[in-house]
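Structural features, examined
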Amino acid sequence: MAQMAQPWRHPKTGAYYLRRQIPENLRPAFGMRAVHKQSLRTKDFVRAAQLFIAVNAEFEQQLETARQRLAATGDPRPCQREQAEHLIRAYFEGGAPDGGLDGHERLRLAFQEVDRGIFAAEPQACLSGPALSSPDRWWELSINAALFRSHEAKLRENGVGLPWSKQGKWRASDPIAQQDVRLAQADRVVEQIARYANLRRADLPDGIGEAVVSYLDEARLEEEGSARKPVGAVSRLKPDMRLGELFNLWNEGMNPRPQTASEYRRAIDGFIDYIGDIAAMEVTEDDLHNWLDALVKMPARLPAADRALTFTARLTKYGNVEGGKISATTAKKQLGALQAILGFGKRKRLIVRDVSKGIAVDGYTKTKGKGRRTFLDSEIAALFTAPLFLNPADWRIAGAAVSDSTMFWLLLIGLTSGARLEEIGQAAIADVRRDDYVTYIDIDDYDSDADEESDNKSVKTDGSRRLVPIHDMVIACGFHVYIEALRYAGHKELFPDLSANIFGKRTQAASQRINRLVDRQVSGDRRLVYHSFRHTFKNRGRTAAVQEMVLNQLCGHAATTVGGKYGEGQPLWVLYRELHKLDFSCVDWPSIKTALADFNWDGVVQQLPAPRREAA
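Attention here is on the structure that accompanies the text.

Description of the overall build of the chain
Per the secondary structure count, the chain includes 26 helices and eight strands. Here the chain, with 616 residues, has 44% of them falling under the buried criterion. Long-range contacts, defined here as pairs at least 24 residues apart, represent 69% of the contacts in the chain between residues at least 6 apart. Of the accessible surface of the chain, which amounts to about 32500 Å², a share of 50% is contributed by carbon and sulfur atoms.

In structure tokens, the structure reads:
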């Protein structure tokens, strides 16, 4: 009769281990080891016997899985992803070492640390309470339950302790916009997994960081003091769920910006129209490749009458027409919508696999600047000698979708501030303020009058909230006089003629008109757009030896160094001083100021749309 497996005691250290022979044909799955040895992390036999049952059962399952792989593929070894998931589960679901934390407590500690790491990475973050734990400190907390409880108590005292399970930074973080930050925090978890598994970092499987991200997205913490009820093993898979239903779940769960949701919806509808309203789980890689082949045949621009056509109707009409096809970037955006929806379904275990992962668009490269380029001095000079700047008497105001006066200020401020078009276009008069000798625009997503968040205003990221000083040359062109004329007429918006579209964006029409002006006055190069001012501003700032941290603050970019992520940034007077180091002498400022001398701004403002009245 075979002897039952039992804990093995190390003759020198006295610690107990699981020690089992590995069948020869399965050894490739275990690094060619003949013996599997796993520490039970205790020298007490009774405790070791208790831990042994679960650890041995887990090893038996590993053997069985290896046998199944061998029978199915001829190779017992798991893929890299399976290896990564096994190590992660062992860390977060394994037993507790003697005196240390169990898997669920290690999960709670992980959420505490990654939440604080995400908070520390946010622009202008200022940590309160204990600093981020070093890898050594984190490990000490993992193997000492008493130390961990004391650590948690201090977090609670500082008001940052609980509950991570519902309100944590990880839960609230945007998996797309904050991908690098989330991966950086997952990498800190990987360090602990390596220590727990007694492995070197270099020996861990590829992709373990991404696997940690997926695990934390799905993991749930028990509330303290709660008694868990038994839950039946009900599958989460939805084999009959259509793509449209999956999109709705994604939209509800991810809460994207309205414009993003609309673009994704159009991409999904086009795919459904092309492939059929099949279940999301039935989508194949061939379906996606065939759809992409059809997508790149679409024209870059469509007549207004054809925009409402279905995908297949447009393909029939334009699929064989030469020239003017959509760019690889546009195709990538539409594929990205499918990838986001299917990836969401896989993460939530609504579908078995994400067949879109790894599919690429030929010709697409993720280049910095998205194909835009900076303005040359000669191009800036040409743009600002347009009649718009030298003949204000000919301005078209009344009846224009975007008035010439608004175009005038948007271009001048855009060139000399590096601000985004929408940030300037949505500004209220109350956002334009003065501090001593500095005039600035307070860019934020709150209504300055109501002092609360407003649905009518938005910023791109938290780092976009900032104070933007106005250049003296812009002031000299009559900016203050223009604002006083607006106030006198009863306006609240800095540009009253800009109306929000269905997504709440106020500058869509202005962007289109500015691009046409650039094409006509400067160059037909499609890489030159309003956003090129931001690249130009950054380049000129570096040429003027302005610190990168200051340039980031002026432009509303996230800090690129660890030190730059703490504190409130440079004071306004420093921003003003550094702004005026940038060289804008290629603009013929004297001619513009001469053209606007004694200009009747009151008359211009009277031609703008009437002030919006508050509902009673």
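Here we look at the side chain of R506
Note that R506 resides in the loop between α20 (479-489) and α21 (508-521). Of the side chains bearing the opposite charge, E493 lies closest to the buried R506, which forms no salt bridge; the N-O distance is 5.0 Å. Here F495 takes part through its backbone oxygen, which lies 3.4 Å from a polar atom of the side chain of R506. R506 has contacts with E422, G425, Q426, E493, F495, L498, S499, A500 and R612, leaving out every residue within four places of it along the chain.

Concerning unusual backbone geometry
Positive phi, close to 60 degrees, is recorded for R41, a residue that is not glycine. Take R41: it is sitting in the loop between β3 (35-39) and α1 (45-73). R41 sits in the partly exposed class, given a relative accessible area of 28%. At D598, a position not held by glycine, the phi torsion is positive, near 60 degrees. Turning to its location among the elements, D598 is positioned in the loop between α25 (589-595) and α26 (601-606).

Considerations on the sheet that holds strand β4 (residues 432-435)
Spatially, three strands are ordered β4-β5-β8 in an open sheet, and the strand pairing comes out antiparallel. Bordering the open sheet on either side are β4 and β8 (466-469), each of which pairs with just one other strand. For this sheet, the mean angle separating the axes of adjacent strands, direction not counted, is 40 degrees. As paired elements, strand β5 (residues 438-443) and β8 share four bridges and run antiparallel to each other. Note that in β8 the partner of D442 across the bridge is L467. Along the sheet face, helix α24 (residues 572-579) touches β4, β5 and β8 and points at about 40 degrees away from the line of β8.

Cut-offs and rules
- Residues numbered from 1 in each chain as written.
- Predicted model: local features only at pLDDT ≥ 70, side-chain atom pairs only at ≥ 80, totals over all residues.
- Heavy atoms only, no water.
- Helix = DSSP H or I, 4+ residues; strand = E, 2+ residues; numbered from the N terminus.
- Buried < 20%, exposed > 50% of the residue type's maximum accessible area, 1.4 Å probe, protein only.
- Contact = heavy atoms within 4.5 Å.
- Areas by Shrake-Rupley, 256 points an atom, 1.4 Å probe, with all protein chains shown as cover.
- Lys, Arg positive; Asp, Glu negative; His and termini not counted.
- Salt bridge = Lys/Arg side-chain N within 4 Å of Asp/Glu carboxyl O.
- Polar contact = N/O pair within 3.5 Å; in protein donor to acceptor, adjacent residues only side chain to side chain.
- Pairing = 2+ DSSP bridges.
- Axes fitted to C-alpha atoms, helices over the stretch in contact; angles between N-to-C directions.

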